[in-house]
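One-letter residues, chain by chain:
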Amino acid sequence: MSTLPSSHLRLTAVDTETTVRIELRGDLDYDNADLLLEAVTDKLTAHPRLRDLHLGCAGLGAVDSTGLSILLMIRRRTDAAQVSLHLEDMTPALDRLLTITGSREYLTSLAADTARESTGSEELRADTEE
C-alpha cells in the first residue's frame, strides 16, 4: 500500500488597510489547514481596521473535515472581529462539500452584526429595549 504525498497548501496574500485577500492553492486538509488558520489569525491581529477578508478558492484541491473545520473556525474569528468573510471562486467540489454539510449558507452569508449595520436594525432594537 502506498500513500500519495499531500499537495502542499500555498497562500498568497494581498493586504490593504481594510481588506485582505488570500489566494489558496493546494489541499486544505489535515496536513495543511493550520497554515490557513495561522495566516488568517495573523492578518486579523495585524490589521485592526480590517473589514473584509477574501479567500480565493479557485486553486483549492481536496478539502477534508479538518479543512472544513478550519473554515468554520475562521468564520467564528472573523465574526468576533466584525470582519466580513468572503469565499470566492469556490470549486465545484468545495461548493458540494459545503452544501452537503449544511455549512454553505453559514460560510457565505453576511454576519449578523454586518447585516444589522447595513440595515440599521441594531439602532431600532436599542430603541425598543429602553
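Because the structure is predicted, anything quoted here is derived from the model rather than measured.

Peer 1: Account for helix 2 (residues 65-80), naming residues and giving values.
Peer 2: Since there are 3.6 residues in each turn of an α-helix, residues three or four apart along the chain are aligned in direction. Taking 1.5 Å per residue as the helical rise, helix 2 with its 16 residues ought to reach 22 Å, and the 23 Å between its terminal C-alpha atoms agrees with that figure. Contacts from the buried residues of helix 2 go to strand 2 (19-28), helix 1 (33-46), strand 3 (52-63), strand 4 (84-88), helix 3 (92-100) and helix 4 (104-108). One or two positions beyond helix 2, positive phi appears at Gln82, with a value near 55 degrees.

Peer 1: Tell me about the environment of Ile70, and name the residues and values.
Peer 2: Mapped onto the secondary structure, Ile70 falls in helix 2. You can call Ile70 buried: its relative accessible area is 5%. Linking Ile70 and Asp29, residues 41 residues apart in sequence, is a C-alpha distance of 9.1 Å. For Ile70, the contacting residues outside a window of four places in its chain are Ala33, Asp34 and Leu37.

Peer 1: Could you give an account of the side chain of Arg75, with specific residues and numbers?
Peer 2: With respect to the helices and strands, Arg75 occurs in helix 2. Within polar-contact distance, the side chain of Arg75 engages the side chain of Asp79 at 2.9 Å. There is a polar contact of 2.3 Å between the side chain of Arg75 and the backbone oxygen of Tyr106.

Peer 1: Got a sec to walk through the packing of aromatic side chains? Specific residues and values, please.
Peer 2: A complete count under the given rule lists zero aromatic pairs for this structure. Taking the ring centre of Tyr106 as reference, the NZ or CZ of Arg75 above it sits at 5.1 Å.

Peer 1: Describe the pattern of salt bridges, naming the residues involved and giving the relevant values.
Peer 2: Evaluation of the coordinates by the stated rule reveals seven salt bridges. Between Glu23 and Arg21 there is a salt bridge whose closest N-O contact spans 2.6 Å. Of the charged contacts in the structure, one is a salt bridge between Glu88 and Arg21, with a shortest N-O distance of 2.1 Å. Of this pair, Glu88 sits in strand 4 while Arg21 sits in strand 2; the two residues are 67 residues apart in sequence, bridging distant segments of the chain. The class of Glu88 is partly exposed, set by a relative accessible area of 24%.

Quick notes on the rules
Residues numbered from 1 in each chain as written. Predicted model: local features only at pLDDT ≥ 70, side-chain atom pairs only at ≥ 80, totals over all residues. Heavy atoms only, no water. Helix = DSSP H or I, 4+ residues; strand = E, 2+ residues; numbered from the N terminus. Expected span 1.5 Å × (residues − 1). Contact = heavy atoms within 4.5 Å. Buried < 20%, exposed > 50% of the residue type's maximum accessible area, 1.4 Å probe, protein only. Polar contact = N/O pair within 3.5 Å; in protein donor to acceptor, adjacent residues only side chain to side chain. Phe/Tyr/Trp six-rings, centres within 6.5 Å; stacked < 30°, edge-to-face > 60°. Lys NZ or Arg CZ within 6 Å of the ring centre and 35° of its normal. Salt bridge = Lys/Arg side-chain N within 4 Å of Asp/Glu carboxyl O.

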